[in-house]
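Observations on the model geometry
Spelled out, the chains give:
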Protein chains: 2
Amino acid sequence: MELTGELAGELAHLVGDDAVVTEGIAAYGADSTEGRGLRGRPQAVVLPSSAGAVARVVAWCYHHGVPMVPRGGGTGFAGGAVPTEDAVVVSLERLRRVRAFDPLMWRAHVEAGLTTGEVQRLARESGLDFPPNPGAAEQSQIGGNIATNAGGPRSFKYGATGDWVTGLEAVVAPGELITVGGPARRDVAGYDLRRLLIGSEGTLGIVTAAWLRLLPAPEARLPVVALHPDAASGCAALERVLGSGIRAASLEFLDEATIAIAGHSFPGDAAVAGFMTLAEADGSPEEVARMRSELAEALGEGATRVLSPTDTDQVARIVSWRDGVSLTVSAQRGGKLSEDVAVPLDRLAEAMAEVKAIAGRQRLETCAWGHAGDGIIHASFLVDRTNEAQLDRAHAAAADLFGLAIRLGGTVTGEHGIGLAKAGRLQEQWPARAVELHEQVKRVFDPKGLFNPGKKLARPSS
Amino acid sequence: MELTGELAGELAHLVGDDAVVTEGIAAYGADSTEGRGLRGRPQAVVLPSSAGAVARVVAWCYHHGVPMVPRGGGTGFAGGAVPTEDAVVVSLERLRRVRAFDPLMWRAHVEAGLTTGEVQRLARESGLDFPPNPGAAEQSQIGGNIATNAGGPRSFKYGATGDWVTGLEAVVAPGELITVGGPARRDVAGYDLRRLLIGSEGTLGIVTAAWLRLLPAPEARLPVVALHPDAASGCAALERVLGSGIRAASLEFLDEATIAIAGHSFPGDAAVAGFMTLAEADGSPEEVARMRSELAEALGEGATRVLSPTDTDQVARIVSWRDGVSLTVSAQRGGKLSEDVAVPLDRLAEAMAEVKAIAGRQRLETCAWGHAGDGIIHASFLVDRTNEAQLDRAHAAAADLFGLAIRLGGTVTGEHGIGLAKAGRLQEQWPARAVELHEQVKRVFDPKGLFNPGKKLARPSS
């Protein structure tokens, strides 16, 4: 179906002919969850090129009762950008202006459609750093990162995207452009609507621009990698890092099954181990040198191998290998159902053992890796996508995994969000009264339920 | 009036006789804004000793339509704890348990009534640091710090109280104890109700406990102080610190009038200058040594005097002197109307000049100091409290100051909050639609309007 008729005409009237997608609309039907079978086909796709144009589209849609699905880079892992068939996809890809960049003040004012990589490069060229590094830097957009409060490995030291946003511009119902916050770094005047929009997954409004805090870039960064005989000793090593008071930039882990799949391409000798830990030191060269030794000592106790390379190429190869683990697992093993629960770090060992037990009960293979410092476990259940009974068992395993995370004092989603994939799971985690408040906040912002419908639902839709 | 009759009986039934204050109730009628004439007298004061008891009080009050004013240490500067005469003050002072302390995991689970100092000492005894340092450490309570998202000088590097809270327990209407978040460091499952409660000044619910993140304590801390001929050159020096990429822990300033009042007691030689800047370096001894030289260089250009002491006693004297500036000004000059606007740092020089002009137009003396790194200006207009016309002019000056802060891209309150003192000012800062959302969020959490009524109002009450 090519888009024709009244809706296309109305949208073209609002944003211009060239901003209404008429060919290739299917590309806007899925995000990074397509591999788990989530795909839609929107009624229409618009590419407004200014915040004002976004506001016009929202006002029109809100008035006419048309659902809207905001879209960033489409790299989300929760189906947050998957449209329903009655929806207009509002893609922010043309909102690409750097409205202001004040390197001497460590800040930037950027539009939602800039990629993470573009923001990072903008900062870097002036000796600054935009710390959040959630992955897919060349595809993911800053607006999407804000809408999901994206994290990533360095969130352990630097927090997630939302911690770097001092102000937001967003279009809210019934089609008004508002700003909350701005370039000032502290503001306690109103309820924190900025934080409410951050991580709201496009269900409360559409982020069009943000004021970002930046930092002087660390002069050096070095990884330390250790191989451990098993998960228990690996987790003990991770705890030793905190116990030793080492403030690493990131603290990561890979389990035995992940190493078995991805370890053969580990730079240098293939990695074979029951557990792998990876840490990153950053700061001045002297600090990094000191932290590198401290990390090697803390992670190295009982380890079978410790690598703390300083050679630039070797460092780059290790970083690139770690970044590719998820793709390697997908490429080599086909289907997987991946979740992103989080637990307190001291429950990680217990969680890892339980994940294995859950998979065993469902006769599934499993592998897991994640951001140990923040307790985030990317646990995958490997499946043959043509085997429906196996897929059902994988979903049952995921449900057990969510229960486990909640029981251990954690969350059903540490960084991907609820989206479509985990719709309804919040009620398992939050007390009933908090769930009610979540739903009432949604109604305040979106009384007609037109912003990204079906996403971030606290309870399954009935 | 001593508390008698039905209400006292009902409250005693809920929380026990010894938890209903019958004598000295007046002590709960004011906070640190008493000096600006804000004082109330509550109908009753209760001191529940558990979160469950707080929930019982709230449930009873909510059912019977009785307003509640939650109270921490009473050190707020916005009148947030000043009760109306029909209100029950719910003081959290007996909620003093450390529910869990996991130094090896850098975290603590504490009840709302612990003082900031107690939390800081708890951390310090295990080599950790609770970075927020909003002042009045021995009186202010962690619950109050959360309710106001209290900041302080180190907020420049470390953020404010809310940035250290991973989970909250709170009593919300109609009297239910909820938890949002917990010990896990990352959680993007629900709308950020935790952040909505943080800084809500007790108007959305009553915080009873929190999970706090902690950090390994910096091994060393050293101040650098510089005296400058005037505000313009002082502000240029502050900007040079950022421009040089120095990540100081704090970056403070005092203006000429403040130095004239407090400078005579400056440790060592009296300070005489047009502007003073103070920075703090923290980290490892090597980092601190390096940063101290860098700060001395960046602040020193064009300065008339630079001090960068390493002697422990001298360092302590400077820190203590800076902490005492506000009291010194009050003690020596009597009445003052102090506000806490914030602006982007690059507008500080302009703001300082404008503050003087505003005071001049109102024929008032003014002095200002603040947290330059976060652009927070504590601007005071000095007044004779018996001179009503002068007081009126001071209020007019404050109104101009708020307009100035908004015009420069800042806020009417950078750290004290709206409270009673700035009730209605938010509408001057936020667009109308955001103000509506602020008010609707309040109604969602508190449909009967019984949580700290009259506080954090976006518009003047009619």
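Structure: see above.
So, how was this worked out
Residues numbered from 1 in each chain as written. Chains lettered and ligands numbered in written order. Predicted model: local features only at pLDDT ≥ 70, side-chain atom pairs only at ≥ 80, totals over all residues. Heavy atoms only, no water. Helix = DSSP H or I, 4+ residues; strand = E, 2+ residues; numbered from the N terminus. Expected span 1.5 Å × (residues − 1). Buried < 20%, exposed > 50% of the residue type's maximum accessible area, 1.4 Å probe, protein only. Arc of directions from axis to C-beta. Least-squares fit on C-alpha atoms with pLDDT ≥ 70 in both. Contact = heavy atoms within 4.5 Å. Pairing = 2+ DSSP bridges. Axes fitted to C-alpha atoms, helices over the stretch in contact; angles between N-to-C directions. Buried area = accessible area lost by both parts, 1.4 Å probe. Salt bridge = Lys/Arg side-chain N within 4 Å of Asp/Glu carboxyl O. Nonpolar A, V, L, I, M, F, W, Y, C, P; charged D, E, K, R; others polar. Core = buried A, V, L, I, M, F, W, Y, C linked by side-chain atoms within 4.5 Å. Phe/Tyr/Trp six-rings, centres within 6.5 Å; stacked < 30°, edge-to-face > 60°. Lys NZ or Arg CZ within 6 Å of the ring centre and 35° of its normal. Disulfide = S-S within 2.5 Å.

Here we come to helix α2 (residues 51-64) of chain A. Residue and element names in this part refer to chain A. Relative to the 20 Å expected for 14 residues at 1.5 Å per residue, α2 spans 20 Å between its end C-alpha atoms, a close match to the ideal helical length. Among the residues of α2, A51, A53, V54, A55, V57, V58, W60, C61 and Y62 are the ones counted as buried. Backbone geometry just after α2 places G65 at a positive phi near 70°.

Here the focus is helix α12 (residues 348-361) of chain A. Residue and element names in this part refer to chain A. The first and last C-alpha atoms of α12 sit 20 Å apart over 14 residues, in line with the 20 Å expected at 1.5 Å per residue. Taken together, the buried positions of α12 are occupied by L348, A351, M352, V355, I358 and A359. Buried residues of α12, seen end-on, are gathered within an arc of 125° and therefore sit on one face of the element. Residues K356 and R361 are exposed on α12 and point more than 90 degrees away from its buried face.

Turning to the relation of the copies chain A and chain B, a few remarks are in order. Aligned on chain B, chain A shows an RMSD of 0.0 Å; the corresponding rotation is 180° and the shift along the axis is 0.0 Å. Here the copies are linked by what is in effect a two-fold axis. Of the interface residues in chain A, 100% have counterparts in chain B that sit at the interface too, so the contact is made through matching surfaces.

Residues and elements named next belong to chain A. The strand order across the open sheet formed by five strands is β5-β6-β10-β8-β9, and the pairing between neighbours is antiparallel. The strands lining the two open edges of the sheet, one partner per strand, are β5 (98-102) and β9 (176-181). Between one strand and the next, the sheet's axes are offset by a mean angle of 10°, whatever the strand orientation. Direction of pairing for strand β8 (residues 165-172) relative to β9: antiparallel, over a ladder of six bridges. Looking at β9, one finds that A170 is bridged to I178. Those strands touched by helix α3 (residues 116-124) are β5, β6 (107-111) and β10 (206-213), and its axis lies near 30° from that of β5.

Each partner contributes to the interface: chain A provides 81 residues, whereas chain B provides 81 residues. For the pairing of chain A and chain B, the buried interface totals around 6600 Å² over both sides, and the portion due to carbon and sulfur atoms is 61%. When the buried area of chain A at its contact with chain B is split by residue, R186, Y191 and R433 of chain A rank highest and sum to 15% of it. One can count six salt bridges joining chain A with chain B. D374 of chain A is the salt-bridge partner of R185 of chain B, the closest N and O atoms lying 2.9 Å from each other. Looking at the side of chain A that touches chain B, the elements that each hand over two or more residues are α5 (155-158), β9, α6 (193-197), β11 (215-216), α7 (231-243), α9 (285-300), α14 (426-429) and α15 (432-445) of chain A. The element contributing the most residues to the side of chain A that touches chain B is α15 of chain A, with nine residues. By residue class, the composition of the side of chain A that touches chain B is 38 nonpolar, 22 polar and 21 charged.

With that settled, the discussion passes to the nonpolar core. In terms of nonpolar packing, the biggest core is built from 187 residues, with I377 and F445 of chain A together with I377 and F445 of chain B touching the most fellow members. Beyond its immediate stretch of four places on either side in the chain, F445 of chain B contacts R433, L437 and V441 of chain A together with V172, A173, L193, L196, L197 and L204 of chain B.

Turning next to the packing of aromatic side chains. If you walk through the whole model with that rule in mind, you get eight aromatic pairs over all chains. Relative to F275 of chain B, the ring of F253 of chain B has its centre 5.6 Å away and its plane inclined at 5°; by these criteria the two rings are stacked. Of the two residues, F253 of chain B is situated in strand β13 (residues 250-255) and F275 of chain B in strand β14 (residues 275-283); the sequence distance between them amounts to 22 residues. Like F275 of chain B, F253 of chain B is buried. For the ring pair F266 of chain B and W321 of chain B, a centre distance of 4.8 Å and an interplane angle of 90° mean the geometry is edge-to-face. Of this pair, F266 of chain B sits in the loop between α8 (256-262) and β14 while W321 of chain B sits in helix α10 (residues 312-323), and the two are 55 residues apart along the sequence. The pair F266 of chain B / W321 of chain B is uniform in exposure class, with both members buried. Sitting above the plane of the W164 of chain A ring, R213 of chain A keeps its charged end 4.1 Å from the centroid.

Let's shift gears to the state of the cysteines. Here a disulfide denotes one covalent bond, and it connects the sulfur atoms of two cysteines. Residue and element names in this part refer to chain A. Tallying each qualifying case throughout the model produces zero disulfides over all chains. Sulfur of C367: no disulfide; nearest cysteine sulfur belongs to C235 and is 16 Å away. Its relative accessible area of 0% is what places C367 among the buried residues.

Turning our eyes to something else, we now look at the pattern of salt bridges. Per the stated rule, a full pass over the model turns up 61 salt bridges over all chains. The residue R290 of chain B makes a salt bridge to E219 of chain A at a minimum N-O spacing of 3.2 Å. Residue R290 of chain B is found in helix α9 (residues 285-300), and its partner E219 of chain A is found in the loop between β11 and β12 (220-228); the two belong to separate chains. For E118 of chain B, the salt bridge goes to R96 of chain B, with nearest N and O atoms at 2.7 Å. Highlighted residues: E118 of chain B in helix α3 (residues 116-124) and R96 of chain B in the loop between β4 (88-91) and β5 (98-102), separated in sequence by 22 residues. On the basis of relative accessibility, which here comes to 25%, the residue E118 of chain B falls in the partly exposed class. The partly exposed category is assigned to R96 of chain B, whose relative accessible area is 39%.

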